[in-house]
Structures are given as structure tokens and as C-alpha cells.
Amino acid sequence: MSSVSTLAGAPAPGSDTYKGWLFKWTNYLKGYQRRWFVLSNGLLSYYRTQAEMAHTCRGTINLATAHIDTEDACNIVLSSGGRTYHLKASTEVERQRWVTALELAKAKAIRMMNDQSGDEEPTTQSDRSEGIQGTLKTLISKLDDLSTCNDLIAKHGAALQRSLSELEALRVPVEGGEKIKGVNERATLFRITSNAMINACRDFLDLAETHSRRWQRALQYEREQRIHLEETIEQLAKQHNSLERAWREAPTLSANTPRGSERPQKGEASDEDEDTEYFDAMEDSPAFITVTATENTQHRSVSLTLWPVSPSCKDSGKELQPLRKRRSHIPDKPNYSLNLWSIMKNCIGKELSKIPMPVNFNEPLSMLQRLTEDLEYHELLDKAARCESSLEQLCLVAAFSVSSYSTTVHRTAKPFNPLLGETYELDRLDDLGYRSLCEQVSHHPPAAAHHVISQRGWTLWQQITISSKFRGKYLSIMPLGAIHLQFHSSENHYVWRKVISTVHNIIVGKLWIDQSGDIEIVNHRTKETCQLKFSPYSYFSRDVPRKVTGVVSDSGGQAHYILSGTWDDKIESSKIVQSSKGGSGSEGKQKTVYQTLSPKLLWKKYPLPDNAENMYFFSSLALTLNEPEDGVGLTDSRLRPDQRLMEAGRWDEANSEKQRLEEKQRAVRRRREAEATDALDNGKTSRKWPQWFHKRKNAITGETTFVYKGGYWEAKDSQDWSTCSEIF
């Protein structure tokens, strides 16, 4: 490179714009790339070329909140929030020109931000004008009062001074008494006037403080609106970049290239490559970069859109055919309006399960049915059960753990809280090979136990306690409890926990849900692990939204597979063929460079049914979960009347029925407590709850949880539900 930075010339005095070429650090594969930078109005933006200034901005950093650092004679480091730009100039002189321009622009941006007026309030234009005029009139009136008091003080002060002078010149005692009396009168008048001025000043100060608080709130509102607008504009720019990239790549892709193997060409010099080459670091492991091996360095298998079928993962027989046709639609969701704030303003800081909610906030499924939806992609476990390689099996288990969140991307409504003792069965033994049973084992805190056994070689069980908090702007949902999965033939026993779900824009704006946190999946027989990271969504992040990355390692900590994708679309795996240590990242952690084979698709989300947006965005499985079915237990969620009425669109009746059930549940709880007390006093044993699960200590985790004790499916076969209570 002959020149790293070429300035467009020194800006004229007072100029707000500065342009020129700099080199920007992209990644360890491409190093520094030449970019066109524009400094204007306190914002530093960059483009690939000057022509891109008309339509595509590759990134922007706000200097008002940025930190400017100079690592050496030629480098500049800009950091603001979670964004960092590493820039380079060819000479120290050129670097100094940019640093000077950046420092001046930063100082001006800070000054402009501090000088912003808060005169406008977040109301209509006419209301703002009337409010400002009224405030000005009041302040002018108070200023007039102060001016009048000032004139009076000056007048009476002068008279007092003259009186004192005359008093000094007196020689006659009689006249002295009269003059002293006059002085006292003037002093009294002066004191009264001074008190009036002090009161007027106090009134002015109180009024000024009151309006200062109002202006401060208005200023804060305007600042938040401006920040939100900046974030929205940046998000639109990112979407524009994505569309442009998709359009540019489309002609270069072969017509028969499988979707799971689509990737930008390696030789293409673009900043977008950074999105596909970087993975976020795990909590306790180094960051890493993946490089696809070429055919000259490593043998590559044919790219498939599904996990490669190896001898260890072949199908064992024909798929079972469904014996009945299940429903594919439910009544459309009614369009009922509701004043959300009037209900939620008294709920801040409370446990969500203790807040009385109308069905307007629900979807016509219970939490037990939502828990059963984890089995939507059960075929991943069927395939994993046939794997002889425990590492390949772990990849499929990881994909299954991610797939359980795919149905939540549009599902912002709240499921019904199950009643204590409520159950839900999903008997798909004939067509899908498994039987699932859930029971609400605790009401406060709400906890559900789940047990699934499959004829295709696996058993899954879990106890999930939902802890949820309403924080005013968002709702945090924290599932507590471990998920256990055991394969029958290998006896591999996997354990993992769920991540935190967050529902945003509870009060204002469109509801949207995000998943964030880490999942560690451990095979307790082989000690192999998988570390998954769910990246939280951010307006300022360059990552793909809802991104998930992961590393599958053996018992010695050596990585064998890289997992990548999104929790709402797909997960791919790439087999590692070589690893090496790279340089340090922005946080000082050393990165690991992994050379991998081409990625293989492990899991892909099924498309939603037609008209899903009017059916609560239910998936094909979710549409069948509340379908009436003969022979289920008397406590099954399908028989819950308020949920059934809501599904039918009769929400007013559903609200009344929901209130009746909640009152009945409270009465039953009081009766159970009284019966338990009486039984204890009489030395008898009271009835045990729950019905189908009992507490046992897990040998692996050491936790005491509810596990299936048996008897439900036998009761169903004989249709003997005599031990079940009438809870509906």
C-alpha cells in the first residue's frame, strides 16, 4: 500500500464537514480495508466508495459519546458504547489532522447537546404555544413586581438616608424627638417593602423551579425521542444493506445450490463478511473465527440441506403413519380493544402469576401445552438416538434445545396459568412414537412437571418453575429447572437449562420477544459439553438478529464442532479440522481460529400455516394441542372452559369463566389446607398432591424435583379416573 490515508484537503475555517480515505480494521483474515470516511455534524460515517454516499452508509459513530484514543503514531481508536473503530493513517501528520478534526467535532457535538433547549413539551403544537405564552406572562408579571419593589426600596432608602443626615445636624432635643419618630416610620416602611420584595423573589424562585422541572422532563423526552430515531435510522440502514447484499449474491448462486450451504464468495471484499466470520465468545472460553477449508487442504463432502446421513445415524425403519387427520385451523382471533395502561400501572414489580389478567392478554393454550410444544421438532431426538457418535448426537441435542424457541418469535401473548392438579397429555404413540404428560405440581410458585417417553429410543423429563417480573417497559420470564434427556441404547444422559425470555414494549409500541443468555449442555456419561450463546438483540449490533453460536467439545475441552444460526430460523454445524491461536480481540481476549468443513444444516424451522397471523401465530403442532380428544383425564387442559371459550372467540364469557375458576381454586386451596391441618391433628395422612408425579432427588444435579411415578397411561387405558379431582 503506497498510502493508507488520503485527505480531501484541510477543511475551511468553520466548516462542519471533513472527508477522506482511511483504512479500517475488519478482521484477522482481511486486516485493514480502505474506506471513505465523512465527518459531519458530530457523526463519523464510512462507506466503501465515495459513490456509496448517495445510498448506503456502512456504519456511523456519534462523537458526542465517543472516546478518542491514539495507540501509536498512525492509529486512531474510536469507541462508543459497544462499538469500536480501529483506523489507520499512513503518516503521523495525516493522523494528527484527523485527530484534530475529530476532537473539534466532538467538542462541538457536546456543546450542541448541552445547549439544547427544553422549551417544548411532548404535547400538541397548540398546547405547547399556549403553555409557553402563559409561562412567559407569569414570569413577566413577577419581574414587574420585582422591579416595582426595587424602585420603592431605592426611594425609601434615599429618604432614610436624608433623615439620618438631618438627625445628625440637630441640636434641639424637642426637634430631635420628632425627627427620630420620622426615621422610625421610614425604617418601618423600608422593612415592609423589603419583606414584599423577598416574598416576590421567593414566588419567582418557586415558579422558576416548577417550570425548570417541566422543562427538564421535556428535554429528557426529546433526547429519548432523538436517540430512538437514530436507532431506527441505523436499523433501516442495516436492513437496506441486507437487502442489497441478498440482491448482489442472488445472481452468483447456482440454481441447484442447497439453501443450507449459501455463503458469500470468499474473494469478495466487503464489510459484510465480518458478520459471517466472527462468533461471539463464550462466557468461559476464547472467542473464535471459522475458516472454511478448501478442497486443496481438506477433503469436503457433498453439501446437503440436512444433517449428513452416516452409518451411525441411519433410519432404523419406516416412519409410522398418522392414524387420524388433525385440525389445521382454529377460529380467527377477535379484534377487541383494551386500555393496557389502566391495568398494568398497578402491577409494576409484582409477580406476574399473582396479577388478575383478562383473557385479552392470553392465547388459547395453557402453560402445560406451551411446554409440550418443545416437542415440535422431536425428530431431531429420533435421529440423535440412532447416532453412534456421541459428539454428533450432542450437536443434534443442541439443535433441539434451540428449536424449542422458534415458536416464540411472534408469540407475545401469555398462556393460561394452569390450575393446581391440571394435566395435559399428548399421546402420539401411533404416529410419532411418543407419549407426553404434563401436570401442574405447584401453584405458588407456579411449577409444572413434564415427562416424555418415545418408542424411538429416548426419554425426556423436566420440572420448570416460571419466575416472571413486570418492569414497566418490559417483562422478564425466567424458567428455573433442569431438562433431562436420556437415550436408551447408549445411556447418554444430557442436562441443560433454558435461557431468559424478555417481552419488550409492554406499554408503548409493538410487542416483541427476545431470548438471551447461555446454555451449557452436558453429557454426564462422557463429560462432553456444548456451550451455546443466545446474543441479545441490539439496534447497534452488526450481528444477525436472534443469533446463536456454540462450540461442541470433548471431555478434554478440545472443540470438534462449531454451531451457528438463529433461534427463529435454523442451526448449522461445521466440523473443525484445524485450530490455531489468533491475535487479541477488542476486549483483550485471545481469539481462536478454527478451520472447518462446509456447514451442514441440523435444523430448519417449519413455515407457519396459512392465516397464522389471525390464529395467534400458532404452528401446525400448536393448532392441534387444544383439539378436543376422547378419553383424556378429567383434569386435562382441553376441558378447561375459559380456554375453550376464548378459542371460540367468546372472550366476555371466557373472562367470567376465568374469574370463576380462580375463585374456585382459592376456595379449594383453603379447604385442602384445612383438611391437611385436621389430618395432622388426628394423626391421619391427608391426600397427597400432585396426582401423577412425586418428589425425588436427582443423582446427577442433586436437586429434588417432581418426576413421573407412573399410572396415568394405565388409568387412561382402563378409563378409570376415580382418583382425579374435579377442578374445572
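Per an unreviewed UniProt entry, the recorded name for the protein chain is Oxysterol-binding protein, and the organism is Oncorhynchus kisutch. Taken from UniProt, the Subcellular location (unreviewed entry) comment for the protein chain reads in full: "Membrane".

### Looking at the overall build of the protein chain
When helices and strands are counted, the protein chain shows twelve helices and 29 strands. Of all intrachain contacts in the protein chain linking residues separated by at least 6 positions in sequence, the fraction that spans at least 24 positions is 59%. Accessible surface, the protein chain: about 38000 Å² in total, of which carbon and sulfur atoms supply 53%.

### Some points on the pairing of strand S2 (residues 17-27)
Counting buried positions along S2 gives eight out of eleven residues, so the element sits mostly inside the fold. Pairing of S2 with strand S3 (residues 31-40), which is carried by ten bridges, proceeds in the antiparallel orientation. What sits directly across from Tyr18, in S3, is Leu39. Counted between consecutive antiparallel strands, the loop separating S2 from S3 contains three residues. Relative to strand S8 (residues 83-88), S2 runs antiparallel, the two being bridged by two bridges. Its bridge partner being in S8, Phe23 is matched across the sheet by Lys88.

### Let's talk about the environment of Tyr474
Position of Tyr474 among the secondary structure elements: in strand S17 (residues 474-480). With relative accessibility at 35%, the residue Tyr474 sits in the partly exposed group. Residues Tyr474 and Ile513, spaced 39 residues apart in sequence, show a C-alpha to C-alpha distance of 9.5 Å. Residues within four places of Tyr474 in sequence aside, it is in contact with Lys469, Thr502, Val503, His504 and Ile506.

### Things to note about the pairing of strand S18 (residues 482-487)
Within S18, five of the six residues are buried, leaving the element largely enclosed by the surrounding structure. Pairing geometry for strand S16 (residues 458-470) and S18, over five bridges, is antiparallel. The residue of S18 that forms the bridge with Thr459 is Gln486. Sheet topology places S18 next to strand S19 (residues 493-497); five bridges connect them, and they run antiparallel.

### Some words on the pattern of salt bridges
Throughout the structure, instances matching the rule amount to 29 salt bridges. Here Arg327 makes a salt bridge to Glu647, at a shortest N to O gap of 2.9 Å. One end of the pair, Arg327, is in the loop between strand S10 (288-292) and helix H5 (340-344); the other, Glu647, is in helix H10 (residues 641-647), and 320 residues separate them in sequence. Taking the shortest distance from any N to any O, the salt bridge between Arg644 and Glu647 comes out at 3.2 Å.

### A look at the UniProt feature "coiled-coil region" (unreviewed entry) in the protein chain
The feature "coiled-coil region" (unreviewed entry), as given by UniProt, occupies residues 219-246 in the numbering adopted here. As a span, residues 219-246 carries 100% helix and 0% strand, and end to end its C-alpha atoms are 41 Å apart.

### Quick notes on the environment of Asp203
In this structure, Asp203 sits in helix H3 (residues 173-249). Given the relative accessible area of 37%, Asp203 is considered partly exposed. Separated by 61 residues in sequence, Asp203 and Lys142 have C-alpha atoms that sit 7.9 Å apart.

### What about helix H1 (residues 92-114)?
Within an α-helix, residues lying three or four positions from one another point in the same direction, as the helix has 3.6 residues per turn. An ideal rise of 1.5 Å per residue puts 33 Å on 23 residues; H1 measures up with 32 Å between its terminal C-alpha atoms. Along H1, the residues that are buried comprise Glu94, Arg95, Trp98, Val99, Ala101, Leu102, Ala105, Lys106 and Ala109.

### Topic: the side chain of Glu647
Owing to a relative accessible area of 7%, Glu647 belongs among the buried residues under this scheme. Here the side chain of Glu647 touches Arg327 through a polar contact of 2.9 Å, side chain to side chain. With residues near it in sequence (within four places) discarded, Glu647 still touches Arg327, Ile330, Pro331, Pro364 and Asn626.

### Details of the side chain of Arg638
As for its placement among the helices and strands, Arg638 is situated in the loop between helix H9 (620-625) and H10. Using a relative accessible area of 4% as the deciding quantity, one classes Arg638 as buried. Here the side chain of Arg638 touches Glu425 through a polar contact of 2.9 Å, landing on its backbone oxygen. Excluding residues within four positions of it along the chain, Arg638 makes contact with Tyr424, Glu425, Leu426, Leu625, Asn626, Glu627, Glu629, Val632 and Arg644.

### Some points on the packing of aromatic side chains
All chains considered together, the criterion is met by 17 aromatic pairs. Consider the rings of Tyr377 and Tyr606, whose centres lie 4.6 Å apart with planes at 35 degrees: the pair is tilted. Of this pair, Tyr377 sits in the loop between helix H6 (367-372) and helix H7 (379-385) while Tyr606 sits in the loop between strand S27 (600-604) and H9; the two residues are 229 residues apart in sequence, bridging distant segments of the chain. The class for Tyr377 is buried, based on a relative accessible area of 3%. By way of ring pairs, the aromatic residues Trp692, Tyr712, Trp713 and Trp721 are connected into one cluster. Across the ring face of Trp567, the terminal group of Arg546 is positioned such that the distance to the ring centre comes to 5.9 Å.

Calculation rules
- In this convention, every chain numbers its residues from 1, walking through the sequence in written order.
- Given that the model is predicted, a residue must reach a pLDDT of at least 70 before its local features are reported, and side-chain atom pairs must reach 80 or more before they are shown or counted; all residues, however, enter totals for whole chains, interfaces and linings.
- Side-chain numbers here rest on the full set of heavy atoms in the structure, without hydrogens or water.
- UniProt positions are given in the numbering used here, feature names are shortened, and annotations may be inferred rather than shown by experiment.
- Secondary structure elements are taken from DSSP: a helix is a run of H or I of four residues or more, a strand is a run of E of two residues or more, and numbering for both begins at the N terminus.
- When checking whether two residues touch, look at their non-hydrogen atoms; a contact exists if any pair is within 4.5 Å.
- Residue-level accessible areas treat just the shown protein chains as cover; the underlying method is Shrake-Rupley with a 1.4 Å probe.
- Only protein chains enter the accessibility calculation, which uses a 1.4 Å probe; a residue is then buried when its area is under 20% of its type maximum, exposed when over 50%, and partly exposed in between.
- The rule for pairing is simple: two strands pair if DSSP sees at least two bridges between them.
- Salt bridges are defined by distance alone: a side-chain nitrogen of Lys or Arg within 4 Å of a carboxyl oxygen of Asp or Glu.
- A helix is expected to span 1.5 Å for every residue after the first.
- Here a polar contact is recorded for every N or O atom pair within 3.5 Å, except that within protein the pair must consist of a potential hydrogen donor and a potential acceptor, and residues adjacent in sequence are included only if both atoms are side-chain atoms.
- For this analysis, a ring pair means two rings from Phe, Tyr or Trp (six-membered ring only for Trp) whose centres lie within 6.5 Å, classed as stacked if their planes differ by under 30 degrees, edge-to-face if by over 60, and tilted for the remaining angles.
- Lysine NZ or arginine CZ positioned within 6 Å of the ring centre and within 35 degrees of the ring normal marks a charge as sitting over the ring.

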